[in-house]
Amino acid sequence: MAFWAGGSPSIVDYFPSEDFYRCGYCKNESGSRSNGMWAHSMTVQDYQDLIDRGWRRSGKYVYKPVMNQTCCPQYTIRCRPLQFQPSKSHKKVLKKMLKFLAKGEVPKGSCEDEPMDSTMDDAVAGDFALINKLDIQCDLKTLSDDVKESLESEGKNSKKEEPHELLQSQDFVGEKLGSGEPSHSVKVHTVPKPGKGADLSKPPCRKAKEIRKERKRLKLMQQNPAGELEGFQAQGHPPSLFPPKAKSNQPKSLEDLIFESLPENASHKLEVRVVRSSPPSSQFKATLLESYQVYKRYQMVIHKNPPDTPTESQFTRFLCSSPLEAETPPNGPDCGYGSFHQQYWLDGKIIAVGVIDILPNCVSSVYLYYDPDYSFLSLGVYSALREIAFTRQLHKKTSQLSYYYMGFYIHSCPKMKYKGQYRPSDLLCPETYVWVPIEQCLPSLENSKYCRFNQDPEAVDEDRSTEPDRLQVFHKRAIMPYGVYKKQQKDPSEEAAVLQYASLVGQKCSERMLLFRN
């Protein structure tokens, strides 16, 4: 069990699907079906591997739709941010935000429907009774203590992270995503150390003379596309000042569009802060009540919930509690891995919150809620574009972190098809768990709700459970392989449930995670 050195293992309770229930998308009273597990704790690598097999979390409940039986198959979708180019509609949203920040302009007429409405992507989202019941049944502290004792009894010396290493990731964390404009910057509480050179979080200084030269060059290029460099260089400017000709024809990057300069007398100031939600940082705790009030208004106005729901405890359970263990490896992002809230502060108050998980290979979007008074800013789309830009920024230090997971794509639900507009993107094959470009999947989805996207008929799930006896079980305060555990069991339904669990999580996770058996 050397893979647990340095941290706690994932501990899960598995709950096989026993019945169909109401679908949150098509409203079929008995059309939805999924298997789930309550995660007492979970490493970020295990969760990365699980979402790459079609799992998704809601609070500490992790679930996987039964794809070939559920009424609205939910396909995991990921965007490739490194190749992402904003569409015309995306640019329109970004320009609308810039106009609002710069001049206070509010779009006239009725606002378009929010294309990225944050409907909770799971059928259990409204089933507070189920989550409450599981939360009471599963005592995390007791289990963690039991696991610790078990590991110690086997002579495993787990290296504990020093508290101060984690404190850094509990401040306002994030990355500067471009121009450094204070009106729409990302809050960072780190400063360059003395002697380390320029502050890379700020834009390089440019002299007014250089800016005038650049403007003149661009003007000449428009007037004389064939000979602009020759004409400008004749005035005595060295060739090194000029980028390649093709540069001027390249479209603006996402960062250019987000961080376009604002006037000094801008009407509004937008700030984006990334705060760790689990374990909760001091900044997260200080803003929890304000964040909850935004969520409550969002639910009342957008989703027509009564004023007494959700309660603060329900809000915390779904959008603040997370099973993910905070990890801060030296080669990871500065903020570390785990669960965070990306808060959008306008003129000193929270107007939107994006709930995200930062994992070894991706930023995973969990949920978004916003102040309905600012619906005209299309905050669903805007936040998605900011999260894509954030992923690109994290990638600069952590090269393997290069994807943006958007949850589930549901082709049969018109309200959930918007996720396919963020290109290039891929859908996960529900049988072989390989990623397939969405363009190749759409024709099949037009003909059938459920599809196997992998066109190779011989292909199989490469991480399928082949040695279930190696699965790790936590039973009576002891860790043991399933091969040992099953000899103590006589209930035939027990074996069926364990084997189903093994097939759904795959061989790698089944050997790393601890399956709790009562």
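Reading guide: rules and limits
Residue indices begin from 1 for each chain and proceed along its sequence in written order. Where totals are concerned, whole chains, interfaces and linings use all residues; where local detail is concerned, this predicted model gives features only for residues with pLDDT of at least 70, and gives and counts side-chain atom pairs only at 80 or more. Each side-chain value is worked out from all heavy atoms of the structure, with water and hydrogens disregarded. Here's how the labels work: a residue is buried when its accessible area is under 20% of the maximum for its type, exposed when over 50%, partly exposed in between, all with a 1.4 Å probe on protein chains only. Strands here are runs of E lasting at least two residues and helices are runs of H or I lasting at least four, both read from the DSSP assignment and numbered beginning at the N terminus. Strands were regarded as paired on the criterion that DSSP finds at least two bridges between them. Each Phe, Tyr or Trp ring, with Trp reduced to its six-membered ring, pairs with another whose centre is within 6.5 Å; inter-plane angles below 30 degrees give stacked pairs, above 60 give edge-to-face pairs, and intermediate values give tilted ones. Criterion for a charge above a ring: Arg CZ or Lys NZ at most 6 Å from the ring centre, at most 35 degrees from the ring normal. For this analysis, a salt bridge means a side-chain nitrogen from Lys or Arg found within 4 Å of a carboxyl oxygen belonging to Asp or Glu. For every residue, the predictor reports its confidence as pLDDT, a number between 0 and 100. Whether two residues touch is decided by their heavy atoms; if any such pair falls within 4.5 Å, the residues are in contact. A fitted line through C-alpha atoms represents every axis, and for helices the fit uses only the stretch in contact; the resulting angles, taken between N-to-C directions, go from 0 to 180 degrees. Throughout, the term roughly parallel applies to angles under 35 degrees, roughly antiparallel to angles over 145, roughly perpendicular to angles from 65 to 115, and oblique to all others. Put simply, Ala, Val, Leu, Ile, Met, Phe, Trp, Tyr, Cys and Pro go in the nonpolar bin, Asp, Glu, Lys and Arg in the charged bin, and everything else, Gly too, in the polar bin.

With respect to burial, strand β9 (residues 349-358) is a largely interior element, nine of its 10 residues being buried. The hairpin formed by strand β8 (residues 338-346) and β9 contains two residues between the paired strands, and Asp-347 there has a positive phi angle of roughly 50°. In this sheet, strand β10 (residues 362-370) lies alongside β9 in antiparallel orientation, the contact comprising seven bridges. Looking at the pairing, Val-353 lines up with Tyr-369 of β10.

What follows is about the packing of aromatic side chains. Any two aromatic rings considered together are summarised by their centre-to-centre distance and by the angle between their planes. Counted by the stated rule, this structure contains 18 aromatic pairs. Centroid distance Phe-84 to Tyr-422: 6.5 Å. Interplanar angle 20°. Geometry classified as stacked. With a gap of 338 residues between them, Phe-84 in the loop between β5 (75-79) and α2 (88-103) and Tyr-422 in the loop between β11 (403-409) and β12 (425-428) connect regions that are remote in the sequence. Residues Phe-84 and Tyr-422 agree in their burial class; the two are buried. Ring centres 5.9 Å apart and planes at 85° place the aromatic pair Phe-315 and Tyr-369 in the edge-to-face group. Linking Phe-315 in helix α10 (residues 312-319) with Tyr-369 in strand β10, this pair joins segments that are 54 residues apart in sequence. Of the residues examined, Tyr-369 reaches a relative accessible area of 0% and is grouped as buried. Counting every residue linked through ring pairs, the aromatic cluster contains Tyr-292, Tyr-295, Tyr-298, Phe-315, Tyr-367, Tyr-369 and Tyr-370. The ring of Phe-20 is capped by Arg-33, whose NZ or CZ atom sits 4.9 Å from the centre of that ring. One cation-aromatic arrangement involves Arg-78 over Tyr-403; the distance from NZ or CZ to the ring centre is 3.8 Å.

Another aspect to go through is the pattern of salt bridges. Summed over all chains, the structure comprises 18 salt bridges. Here Asp-46 and Arg-512 are joined by a salt bridge, their closest N and O atoms 2.6 Å apart. Taken together, the positions of Asp-46 in helix α1 (residues 44-51) and Arg-512 in helix α14 (residues 492-512) put the pair 466 residues apart, joining distant regions of the chain. For Asp-46, a relative accessible area of 2% translates into the label buried. Taking the shortest distance from any N to any O, the salt bridge between Asp-371 and Arg-297 comes out at 2.6 Å. Pair noted here: Asp-371 is in the loop between β10 and α11 (379-397) and Arg-297 is in helix α9 (residues 282-302), with a separation of 74 residues, a long-range link. Taking the relative accessible area as the measure of exposure, Asp-371 reaches 9% and is therefore buried. For Arg-297, a relative accessible area of 33% translates into the label partly exposed. When salt bridges with common partners are traced through the structure, they connect Asp-46, Asp-49 and Arg-512 into a single cluster.

This part covers the confidence of the model for the protein chain. Looking at the protein chain as a whole, its pLDDT mean stands at 82, while 72% of the residues score no less than 70. Across residues 155-202, where pLDDT falls below 50, the model places 98 contacts with residues more than four positions away in sequence or in other chains. Residue range residues 225-246 is modelled with pLDDT below 50. Its contacts to residues more than four positions away, or to other chains, number 21 contacts.

Moving on, we come to the sheet that holds strand β3 (residues 56-58). Strand order in the open sheet formed by seven strands is β3-β4-β2-β1-β16-β14-β15, with mixed pairing between adjacent strands. In this open sheet, the two strands that pair with only one neighbour each are β3 and β15 (478-481). Ignoring which end each strand starts from, the neighbouring axes of this sheet average 35° apart. Relative to strand β2 (residues 34-41), strand β1 (residues 11-15) runs antiparallel, the two being bridged by five bridges. Considered in β2, the bridge of Tyr-14 is made with Met-37.

In contact at an axis separation of 11 Å, α9 and α10 are set at 95° when each is read in the N-to-C sense. Considering their axes alone, α9 and α10 lie roughly perpendicular with respect to each other. Side by side, α9 and α10 meet where Leu-288, Leu-289, Ser-291, Tyr-292 and Tyr-295 of the first sit next to Glu-312, Phe-315 and Leu-319 of the second. By residue class, the composition of the contact of α9 with α10 is six nonpolar, one polar and one charged.

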